[in-house]
Amino acid sequence: MPFLRPGIRKLLRLGDGREVDDEIALHLELRIESLMREGLTRDEATAEATRLFAQSDASLRALHATAHARDDRMRLHNRWESVQQDLRYAARRLLREPAVTLFMVLTLALGIGANVTAFSLIDRILLRGPEYVVDRDALSRLYLHVEGPPFGSQTMGWISHPVYDALRRDMRGVLGLGVYRVDDQMIGAGAAAKPQRIGTADGSFFPLLGAKSLIGRFFVPSDESENATIAVLSEATWRNDFGADPAVLGKSYTVDDKVYTIVGVAPAGFTGAALDRVDAWKLIGSDGKKSQNWNVIVRRKPGVSVATVSIAAEAARRLSPEVAPKWAPKGTLLATPMGYDDAGNPSLESVLARWLGVISLIILVITCANLVNLQLARLARRNQELGIRVALGAGRARVLRLLVFEGVLVAIAGGVGSLFVARITEPLIRSVLFVNAGFEASVVDGRVLLAVGTITLLTALVVGVIPALRMGSDSLTASLKNGARVAGGRSQMRHALTVVQAALSVVLLVGAGLFLRSMAHVRALDLGMDAERVVVAEARFPKATGTFEERSALERSRYRQLLDAVRQEPGVERAALTVGLPFYSSFGVGLWVPGMDSIPQLPGGGPYITAVNGDYFATMGTKLQRGRVFTDQDREGSEPVVIVGAAMAKLLWPSADALTKCITLYARTAPCVRVVGIVADIHRNGLREEASLQYYVPIGQEKSFSGMSIVIQPSEQTALSWSALKARMMRADPGIVALDVKVLGNALAGELRPLRLGMITFGLSAVLALVVAALGLYSVMAYMVAWRTHEIGVRMALGATEGSVARLVVGNSAALAGIGIVIGLVACLLGRRLIEAQLFEVSGADPVVFAGVAGSVLLVALLAGWLPARRAARIRPTEALRAE
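Residues numbered from 1 in each chain as written. Predicted model: local features only at pLDDT ≥ 70, side-chain atom pairs only at ≥ 80, totals over all residues. Heavy atoms only, no water.

## A few points about the pairing of strand β20 (residues 694-698)
Phase 1: Counting buried positions along β20 yields five of five residues, so the element is predominantly enclosed.
Phase 2: The pairing of strand β15 (residues 608-612) with β20 spans five bridges and is classified as parallel. When the bridges of β20 are listed, Tyr608 appears paired with Gln694.
Phase 3: Examined bridge by bridge, strand β17 (residues 641-645) and β20 share two bridges and lie antiparallel to one another. (Buried < 20%, exposed > 50% of the residue type's maximum accessible area, 1.4 Å probe, protein only. Helix = DSSP H or I, 4+ residues; strand = E, 2+ residues; numbered from the N terminus. Pairing = 2+ DSSP bridges.)

This is the structure we're talking about:
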């Protein structure tokens, strides 16, 4: 409408409809008067003006709508312009204190980054689970719970294959069953052979998971009927060992001197039903179907619970009682969800993920408390400035918005920084805490970015809104009269936040201290041998023919030849032979004691038999307590002799000399075997082990068990080269198929792992939390000293000494830390049972740890208050006047 005057265009910026009508009526009347001066009558002029203005109801409504829309646009424009002004001011205000702002951003980046890393791992372990598994929640794992000797009361994830066959035949309420296990096996041949994590599965396993291969195919049930020797590589093995060759199908892959044909490659990150790394999969063979040690998983039908699966499994097994293991005829089958370890407990990965979640939340709370405290201290100094803004008409809401924007900008910067922190820490934590994990987590996927946004938003609300709400309108107004000192009455929240930081730091430090004490107890534990120094060498030969006795004699002959070669290798102090190896293999045979109807039991089980030669005990570092060790004359065909463990000697002959006694082995009617020595008991199965029955026979006098190893004690003067050792053994017996060399103490890694990981997790988190809390306490005390400059100057003018002023500041810091220490220790006492199961011979309320943590936190608090105290002690009355 170009004929409208500028006044009408200006009118369209308004939102009042009555003004629109009045303005249009005015212009209509002016047009009528103009037309009447041109000679038209009033009626004619009115009709012509109305036509020109097109004044219909529709036109008026359009004008009204345009006016309202313009008003809304202007209102939004003004608001956005106001927001931009506040954001620019908040940014300038933060840049005026670059050191404080950088401290807040870095602190938030660490706090949020810890939570992003924890969420990434929790999401991968607890929420997503293994990759490529369809409907994982419908899967369950079966366990065998046994009561009584030789294992006591425990739950084991070992199911025999005959039991599995019975379950496949008779079990109800499931869509299918599969069987698998993962263990270390030798890949390749000769000295170049290396241990790898190999999964063995039946043809039903992969269809049960619903996984699809990357190249080729997985196993199917028909492969078992054809007795195929086939393997599936992991994507990493295909890439590293075969150069990602697309023509890998049909090539050979040697596992434990048996050649398998490659039929497929698993997709990247596929680990089967668990999250442990698997380098390759091979199809179960006929020998494996006789094994007692299999993991059985089932897929439940819709609507069937885990408890129902337990009932159905036990009912199916009872239909075939002949398949029960001989050592556990009264065992009971149980079902659990996936994610439990071989003992039926939550897996270490899931426990660690939960720990990380709780610890990261504690760190975030400490971080937020730190920054809120710092913001409150900063605002206490700015109280007069903000009061002036309110007095000049800015309005309380506008001032509060300025304060909120400062917190939001800091939180956003911290959230962006957290992505860089998580990018660095997530691979590091995964490599330290989840060494065997086969998954790869990422901090850049959509779920993690959503978590970053959510955490940052919540943090922004906490860091920005809480301090702003504390600055009430009354205090802002009163500040004009009383200056900055008016905020001093609102220090309760600052004190409370400081106490919270100290208390949570105590919780993390206590956790770290308990695990550190556990590791110290492990180091001081007497295993009865020097497992960390003993090296074990095992050779694998082509499968021999003949009777068991003939195969055992051949094995002894070849190992004795290897032993002579090993003893000649530089760096070898001692070496010996053994059939039966602590932490790896235990054997039991029939044993009777003259004059006893039955053998009493010890909590650790047994009796365990081991066949060794004379140098075994010196090589292992096991002490001879009485009698003698075996000699070269103690061998097959010589007088049968035995060496017993100290606990066995004390249990069987408590009031007699064991060296005058004998025992009967293998058959009650066999000749009595004379006891010639008593040695210290060793830990056969792990760290947490009670006394067990243990005894030894000479190599060559063992029957019905086999599986030799060479144990080596390296020299302390000359380094032992494993590659040279393997080469010497290969030269001594070129018929060796594969060689495996390892440190015996590495077998304890599984038990040491929770202790080490707990110590690392809590330790690093506690140090981070303590540093953040200390810096926060220091910054708050420094701000409070600056805020109280006037008061301190007056005190000094009235005769207060520098020492008394310093004690005032340090005392405030120590008092707040002391309250936090008490609260934190009480919280640790109440929650100690949550962590005691992971500790080793340490109480969750260990007084040494509690005292050490309390002293450390108090010392840090004193140091954090010392520098501000020095500054306070140097304040002079003239500074107080300038501060006012």
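## Notes on the packing of helix α6 (residues 161-170) against helix α10 (residues 306-318)
Phase 1: At a minimum axis distance of 9 Å, the contact between α6 and α10 shows a crossing angle of 105 degrees. Overall, the two elements α6 and α10 adopt an arrangement that is roughly perpendicular. Each of Val163, Leu167 and Asp170 in α6 lies in contact with α10, whose residues at this interface are Ala313, Ala316 and Arg317.
Phase 2: Here the contact of α6 with α10 is built from residues that sort into four nonpolar, no polar and two charged. (Axes fitted to C-alpha atoms, helices over the stretch in contact; angles between N-to-C directions. Parallel < 35°, antiparallel > 145°, perpendicular 65-115°, else oblique. Contact = heavy atoms within 4.5 Å. Nonpolar A, V, L, I, M, F, W, Y, C, P; charged D, E, K, R; others polar.)

## Things to note about the nonpolar core
Phase 1: One finds Leu508, Val510, Tyr616, Tyr696, Val711, Leu744 and Phe762 to be the most contacted residues of the largest nonpolar core, which totals 61 residues.
Phase 2: Among the elements of the structure, α11 (348-381), α16 (492-524), α18 (616-620), β17, β19 (672-679), α21 (749-787), α23 (802-830) and α25 (847-873) are those that each provide at least two residues to this core.
Phase 3: Val535, Val589, Val673 and Met708 belong to the second largest nonpolar core, which has 50 residues in total. (Core = buried A, V, L, I, M, F, W, Y, C linked by side-chain atoms within 4.5 Å.)

## Things to note about helix α20 (residues 722-732)
Phase 1: Every buried residue of α20 is accounted for by Leu725, Lys726, Met729, Met730 and Ala732. Summarising the axial view, the buried residues of α20 lie within an arc of 160 degrees, below the 170-degree limit, and thus occupy one face. Those residues of α20 that are exposed and aimed more than 90 degrees away from the buried face are Ser723 and Arg731.
Phase 2: Tucked into the core, α20 has its buried residues touching β12 (535-540), α17 (548-567), β21 (708-714) and β22 (738-743). (Arc of directions from axis to C-beta.)

## Focus on the state of the cysteines
By definition, a disulfide links two cysteine residues through a covalent bond between their sulfur atoms.
Phase 1: Taken as a whole and assessed by the stated rule, the structure comprises one disulfide.
Phase 2: One disulfide in the model links Cys662 with Cys672; its S-S distance is 1.9 Å. Across the disulfide from Cys662 to Cys672, rotation about the S-S bond amounts to roughly 95 degrees, and the bridge is consequently right-handed. Note that Cys662 is positioned in strand β18 (residues 662-665) and Cys672 in strand β19, a separation of ten residues in sequence.
Phase 3: The exposure class of Cys662 is partly exposed, given its relative accessible area of 24%. (Disulfide = S-S within 2.5 Å.)

## Thoughts on the pairing of β21
Phase 1: Counting buried positions along β21 gives seven out of seven residues, so the element sits mostly inside the fold.
Phase 2: The pairing of β12 with β21 spans three bridges and is antiparallel. If you follow Ala537 over to β21, its bridge partner there is Ile710.
Phase 3: Strand direction decides the pairing type here: strand β13 (residues 572-579) and β21, joined by seven bridges, are antiparallel.

## Let's talk about the environment of Asp184
Phase 1: Relative to the helices and strands, Asp184 resides in strand β3 (residues 174-187).
Phase 2: Taking C-alpha positions, Asp184 is 9.6 Å from Val278, a pair spaced 94 residues apart along the chain.
Phase 3: Those residues in contact with Asp184 that sit more than four places away from it in its chain are Gln196 and Arg197.
Phase 4: Within polar-contact distance, the side chain of Asp184 engages the side chain of Arg197 at 3.3 Å. (Polar contact = N/O pair within 3.5 Å; in protein donor to acceptor, adjacent residues only side chain to side chain.)

## Things to note about unusual backbone geometry
Phase 1: In this structure, the amide linkage connecting Gly606 to the following residue, Pro607, adopts the cis form with an omega of 5 degrees.
Phase 2: By the element assignment, Pro607 lies in the loop between β14 (591-592) and β15.
Phase 3: Phi is positive for Phe583, close to 75 degrees, though the residue is something other than glycine.

## Let's talk about the packing of aromatic side chains
Given two aromatic rings, one states the distance between the centres and the angle between the planes to describe the pair.
Phase 1: Summed over all chains, the structure comprises 17 aromatic pairs.
Phase 2: With a centroid separation of 4.9 Å and 35 degrees between ring planes, the pair formed by Tyr180 and Phe205 is classed as tilted. Note that Tyr180 is positioned in strand β3 and Phe205 in helix α7 (residues 205-209), a separation of 25 residues in sequence.
Phase 3: Looking at Tyr180, the relative accessible area reads 6%, which means it is buried.
Phase 4: Their ring planes at 40 degrees and their centres at 6.0 Å tell us that Phe206 and Phe270 sit as a pair that is tilted. Remark: Phe270 occurs in the loop between β8 (258-265) and β9 (280-283) and Phe206 occurs in helix α7; sequence separation between them is 64 residues. Comparing Phe206 with Phe270 shows no difference in burial state: the two are buried.
Phase 5: Three or more aromatic residues link up through ring pairs in this structure, and these residues are Tyr132, Tyr180, Phe205, Phe206, Phe218, Phe219, Phe270 and Trp281.
Phase 6: One residue, Arg181, lies across the ring of Trp294, its end atom 4.1 Å from the ring centre.
Phase 7: Taking the ring centre of Tyr584 as reference, the NZ or CZ of Lys742 above it sits at 4.1 Å. (Phe/Tyr/Trp six-rings, centres within 6.5 Å; stacked < 30°, edge-to-face > 60°. Lys NZ or Arg CZ within 6 Å of the ring centre and 35° of its normal.)

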